Amino acid sequence: MMCLALPHAKRPRVNPMKRYVLLGTVGAGKSTLYAALHGIACDEAKKTQAMQYDLDGGVDTPGEFFCHPMYYPALLSATVDTDVLIYVPPANDPLCRLPAGFLDIYTQREVICAITKVDLPDADFEATKAMLIEHGVSGPFFPLGKDRPDLLQKLVDWLQKE
């Protein structure tokens, strides 16, 4: 089965200067994206039970932490040493799950969106993007889908830029 991940030999290393944290709901595709950024096939991605950190400064967060306000302090702590907040909504969810003002807490952080599952039949990237803009997220917006390493590469290129 083809996956979002780039082949390990071709996987560019994410510049450690762009430290990121993946934020989003349960099932949005954060762990699959995290695995893909590390050259791991999506069928090997595991459900995140706790924060996962890599040596390059990437953080994968459990969706439960994003969905329940009692876990917000843990998420806020995870963002302290990051350069980029990557909000990960699925393109097949028409509702904004982003807590009001959540991404504005650290104004010195860049906020980008990695909109996942764009290859599903019920996905609507443009509608998801418009909904996020309506809720104050300015992007940039990166569409991501299974079997689309070209889309993943665009996100990797952005993370590597100075």
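The rules behind the values
- Residues numbered from 1 in each chain as written.
- Predicted model: local features only at pLDDT ≥ 70, side-chain atom pairs only at ≥ 80, totals over all residues.
- Heavy atoms only, no water.
- Helix = DSSP H or I, 4+ residues; strand = E, 2+ residues; numbered from the N terminus.
- Contact = heavy atoms within 4.5 Å.
- Areas by Shrake-Rupley, 256 points an atom, 1.4 Å probe, with all protein chains shown as cover.
- Polar contact = N/O pair within 3.5 Å; in protein donor to acceptor, adjacent residues only side chain to side chain.
- Pairing = 2+ DSSP bridges.
- Axes fitted to C-alpha atoms, helices over the stretch in contact; angles between N-to-C directions.
- Buried < 20%, exposed > 50% of the residue type's maximum accessible area, 1.4 Å probe, protein only.
- Phe/Tyr/Trp six-rings, centres within 6.5 Å; stacked < 30°, edge-to-face > 60°.
- Lys NZ or Arg CZ within 6 Å of the ring centre and 35° of its normal.

Peer 1: Looking at this structure, I do not really get the overall build of the chain. What am I missing?
Peer 2: Helix and strand counts for the chain come out as five helices and six strands. Beginning at the N terminus, the succession of helices and strands in the chain can be written as β-α-β-β-α-α-β-β-α-β-α. Taking all contacts inside the chain whose residues are at least 6 apart in sequence as the whole, residues at least 24 apart take part in 74%. Accessible surface, the chain: about 8200 Å² in total, of which carbon and sulfur atoms supply 57%.

Peer 1: How do you make sense of the side chain of Ser-31 when you look at a structure like this?
Peer 2: Along the chain, the position of Ser-31 falls in helix 1 (residues 30-37). For Ser-31, the side chain forms a polar contact with the side chain of Asp-60, separated by 2.8 Å.

Peer 1: Teacher, can you tell me more about the sheet that holds strand 3 (residues 58-60) here?
Peer 2: Read across the open sheet, the six strands follow the order 2-3-1-4-5-6; overall the sheet is mixed. Among the strands making up the open sheet, the edge pair consists of strand 2 (52-53) and strand 6 (141-143). Running over the sheet, helix 3 (residues 72-79) touches strand 1 (20-23), strand 2, strand 3 and strand 4 (84-87) and is turned about 155° from strand 1.

Peer 1: What should I look at first to understand the pairing of strand 1 in this one?
Peer 2: The side chains of a regular strand alternate between both faces of the sheet. Of the two faces of strand 1, the one carrying Tyr-20 and Leu-22 and the one carrying Val-21 and Leu-23 are both buried. Pairing analysis gives three bridges linking strand 1 to strand 3, with the strands arranged parallel. Bridge assignment links Leu-22 to a residue of strand 3, and that residue is Asp-60. Bridge analysis of strand 1 against strand 4 gives four bridges, and the strand direction is parallel. Counted as the bridge partner of Leu-22 is Ile-86 from strand 4.

Peer 1: Hey, could you run me through the packing of aromatic side chains in this one?
Peer 2: Where two aromatic rings form a pair, the distance of their centres and the angle of their planes describe that pair. A complete count under the given rule lists three aromatic pairs for this structure. The interplanar angle of 5° and the centroid separation of 4.8 Å between the aromatic rings of Phe-65 and Tyr-71 together place this pair among those described as stacked. Ring centres 6.2 Å apart and planes at 65° place the aromatic pair Phe-142 and Trp-158 in the edge-to-face group. Here Trp-158 lies in helix 5 (residues 149-160) and Phe-142 lies in strand 6, a separation of 16 residues in the sequence. Side by side, Phe-142 and Trp-158 carry an identical accessibility label, which is buried. The ring of Trp-158 has Lys-18 sitting right over it, with the charged end atom 4.7 Å from the ring centre.

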